[in-house]
Amino acid sequence: MMGRLEIILGDITKQTADAIVNAANCSLLGGGGVDGAIHRAAGPELLKECRTLNGCETGKAKITKGYRLPAKYVIHTPGPIWHGGSRGEDGLLESCYRSCLELALENNCKTVDFPSISTGVYHFPLERAAKIAVASILAFLSEHVEIERVRMVCFDERTKAAYQRALDDFEVSA
Ligand code: APR
């Protein structure tokens, strides 16, 4: 089960997976960070389709085509903005990962790539987010063999190290 979650360094817009996840905002109309990179790489048709979705609640997810991206689908999920941890941020982040994987399953995706949701502009503490993400993904993988591979695509070494640590710690404790 553990082998099905990989931590890599890279640019998610270049990854070949059935679906890549976008760390979006509730409008789903694009932004900076990975959201901006995905929209730039996918081309204008992505925004056109996003306009039809009528936004998305934090912790939930919506799916679109990938257009010019190598990935077939983009799964958009607004992560929680960090407010100190007392506004249910942990639960909402866990829900982002689960909602995306549920949607991937519904669309017969076997491979799903995630960015580090909420740890950029939304300021969610990195180590804390990595633990939540790894636990949520591994729990889902243990219940759904149809998903063959999930990757955390980390944009920098610090992020990659945090997710690798979270995965190593999980394996030790499991
Ligand atoms: N590939 C993979 N990861 C990336 C890429 C990329 N091309 N570009 C940025 N990242 C990483 C960041 O380095 C960070 O680790 O994605 C992670 C999430 O950071 P943000 O993109 O800032 O996302 P988030 O913290 O969830 O904030 C979302 O930012 O861009 C806006 O519209 C977005 O309002 C929303 C908010």
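Residues numbered from 1 in each chain as written. Predicted model: local features only at pLDDT ≥ 70, side-chain atom pairs only at ≥ 80, totals over all residues. Heavy atoms only, no water.

**Q** What is the right way to look at the environment of D35 in this model?
**A** Along the chain, D35 turns up in helix α1 (residues 33–42). Linking D35 and V21, residues 14 residues apart in sequence, is a C-alpha distance of 9.4 Å. Sequence-distant contacts of D35, defined by excluding residues within four places in its chain, comprise N22, A23, A24, N25 and G30. (Helix = DSSP H or I, 4+ residues; strand = E, 2+ residues; numbered from the N terminus. Contact = heavy atoms within 4.5 Å.)

**Q** Before we go on, may I ask you to explain the layout of surface pockets in this structure?
**A** Gaps left between atoms show up when a probe the size of a water molecule is rolled over them. As a volume, the largest pocket reaches approximately 670 Å³. If you trace the largest pocket, you find 31 residues lining it, with A23, G33, V34, S116 and G120 closest to the centre. Those elements that place two or more of their residues in the lining of the largest pocket are β2 (19–24), α1 and α5 (157–173). With 4 residues, α1 is the single largest residue contributor to the lining of the largest pocket. Looking at the lining of the largest pocket residue by residue, the class counts come to 14 nonpolar, 13 polar and 4 charged. (1 Å grid on protein atoms, 1.4 Å probe; cavity = no way out; pocket = protein on both sides within 12 Å on 5 of 7 lines; lining within 4 Å. Points joined across faces, edges and corners; volume = space filled by probe spheres on them. Nonpolar A, V, L, I, M, F, W, Y, C, P; charged D, E, K, R; others polar.)

**Q** Looking at this structure, how should I read the pattern of salt bridges?
**A** Any two side chains of opposite charge can pair, on the condition that their charged atoms come close. The tally for this structure, following the rule as stated, stands at 7 salt bridges. A salt bridge links R149 to D113, with the shortest nitrogen-to-oxygen separation between them at 3.8 Å. One end of the pair, R149, is in strand β6 (residues 149–154); the other, D113, is in strand β5 (residues 111–114), with 36 residues separating them in the sequence. D113 carries the same exposure label as R149, and that label is buried. Here R151 and D113 are joined by a salt bridge, their closest N and O atoms 2.8 Å apart. Note that R151 is positioned in strand β6 and D113 in strand β5, a separation of 38 residues in sequence. (Salt bridge = Lys/Arg side-chain N within 4 Å of Asp/Glu carboxyl O. Buried < 20%, exposed > 50% of the residue type's maximum accessible area, 1.4 Å probe, protein only.)

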